[in-house]
Amino acid sequence: MANRKLSPEEINKAIGYIHQLREKYEGIGQDFILYLEGLVHSNGLNYWDYVKLDSLMGLQTPRTNFPDEMIFVVYHQITELYFKLIKQEIDLLTDLERGEYKELKNWYKRIGRCSNYWKHLCNSFDIMAHGMDISEFKHFRMALLPASGFQSVQFRHIEIMSSNLSSLLHKDNREDMDAPLEKLYQYMYWKSGGIDMDTNNKTLTLRQFEKKYDLELQGWIKDYRYRNLAYLYYRLAPELKNDEKLVHLLREYDQYINIFWRMSHQAASSRHLPIDDRGTGGTNWRKYLPPKFQRVIFFNTIWTDTEKEEWGKAGVMKFFRDRIQGTWMKDERYDGTDQ
Ligand code: HEM
């Protein structure tokens, strides 16, 4: 094989690549001959090095001996990785210098990809709801306090990248948008999810999160104020903004994160947390998690008043049950109880 003669086309291609390599390395002031020599000596890549398999497998450190805690850790990590991919799509589409947002085809591609990731996350939430024994969860959960998925900063990034600040404030505080950012930030809707239902004080879960991320998140809000998805969408020319496919894709995206994912998550919580139980640190999560209470909607103008009024209520729930939730729960071979 090594002595096989190259065809004229292959020689031409090889010369073309050499020219490109030269341009690339000379463009950054490097000696390209040295880089060519490096190529001759470098080892080929292995799969395990490429995906960093050893590091990846070492990233799970359960805090108890309950085997199902591994499912809990890994599924959270999987979710965070999907969040990373969603953020990458939004970042590329909203990068003002790249200018992708000016063309419909880029909205189709990137919003379509985001919804696809959310779809997978919604469909896989059964792994939390039915894929862990209730009896094990009840025990290992206590060893994880006060940590909560509520502290997922990537989830907040996605919200800030997707919509205007006004849509992310608590629904009773969306009026005075002229107030300084530091003041408005205190009204972020999710802050109401970290309140102890007995004392009305902030939970430790929320206080820890604020200490670590408040400044960073305010920076994100400033950065995305004039380039979040909703901001850019509202400013598209009318013929683009009213494009049927784009509106459809944005409606899908809004529903996936703001209704279906939240409902899947709520379903898992309902299954594992006893009826009278409190969320991490004593939150009244039953009055917080269901989407009909917070009514977070990223793209306000693409929904009718009735649709907004019905956000997360029965009609949407039926759609959710029929179309979105995974099939496992409906599978007769699995009766939904623990072994
Ligand atoms: C059985 C599994 C789960 C249960 C029982 C559960 C429970 C809860 C509860 C009770 C809250 C309200 C805040 C609190 O009291 O801590 C919450 C919030 C949250 N959890 Fe989970 N969770 C589960 C799985 C997950 C997973 C896999 C993720 C993925 C990252 C996640 C992400 C979140 C997020 C982002 C919030 C904030 C939601 C919002 O602000 O609307 N949770 N969770």
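Residues numbered from 1 in each chain as written. Predicted model: local features only at pLDDT ≥ 70, side-chain atom pairs only at ≥ 80, totals over all residues.

Asks: Describe the overall build of the chain, with residues and values.
Replies: The number of helices and strands found in the chain is 18 helices and 0 strands. Each principal axis of the C-alpha distribution contributes one length, and for the chain these read about 75 × 55 × 45 Å. Within the chain, the fraction of its 339 residues that count as buried is 25%. For the chain, restricting intrachain contacts to residue pairs at least 6 apart in sequence, the fraction spanning at least 24 positions comes to 75%. (Helix = DSSP H or I, 4+ residues; strand = E, 2+ residues; numbered from the N terminus. Buried ≥ 20, exposed ≤ 12 C-beta atoms within 10 Å, placed from the backbone. Contact = placed C-beta atoms within 7 Å.)

Asks: Explain the site of the ligand to me, using residue names and the numbers behind them.
Replies: Around the ligand lies a shell of 22 residues, among which Ser148, Gly149, Gly279, Thr280 and Thr283 are the nearest. Where the shell around the ligand is concerned, the elements lending two or more residues are helix H5 (68–94) and helix H15 (244–272). Among the residues forming the shell around the ligand, the class breakdown is 9 nonpolar, 13 polar and no charged. (Near = placed C-beta within 6 Å. Nonpolar A, V, L, I, M, F, W, Y, C, P; charged D, E, K, R; others polar.)

Asks: So, the packing of H5 against helix H6 (residues 104–124): which residues are in play, and what are the values?
Replies: The interhelical angle for the contact between H5 and H6, taken along N-to-C directions, is 170°, at an axis separation of 9 Å. With respect to their mutual orientation, H5 and H6 come out roughly antiparallel. Pair H5 / H6 crosses with left-handed handedness. Where H5 approaches H6, its residues Thr79, Tyr82, Leu85, Ile86, Glu89, Ile90, Leu92 and Leu93 are matched on the opposing element by Asn106, Trp107, Arg110, Arg113, Cys114, Tyr117, His120 and Leu121. Broken down by class, the residue content of the contact of H5 with H6 amounts to 10 nonpolar, 3 polar and 3 charged. (Axes fitted to C-alpha atoms, helices over the stretch in contact; angles between N-to-C directions. Parallel < 35°, antiparallel > 145°, perpendicular 65-115°, else oblique. Left-handed = near helix turned anticlockwise from the far one by under 90°.)

Asks: So, the domain arrangement of the chain: which residues are in play, and what are the values?
Replies: What the domain assignment reports for the chain is domain 1 (8–42) and domain 2 (69–330). For domain 1 and domain 2, the distance between their C-alpha centres works out to 46 Å. (Domains from an automatic or database assignment.)

Asks: Any chance you could break down unusual backbone geometry for me, citing the residues and the numbers?
Replies: Residues Leu145 and Pro146 are joined by a peptide bond in cis, for which omega reads 0°. Structurally, Pro146 can be placed in the loop between helix H8 (134–140) and helix H9 (153–162). Although it is not a glycine, Lys52 adopts a positive phi angle of roughly 55°. Summarising the element assignment, Lys52 is placed in the loop between helix H3 (47–50) and helix H4 (53–57). Residue class for Lys52 comes out exposed when judged on the 11 C-beta atoms lying within 10 Å of it. The phi dihedral of Arg295 falls on the positive side, at around 45°, and the residue is not glycine. Residue placement: Arg295 occurs in the loop between helix H16 (291–294) and helix H17 (305–309).

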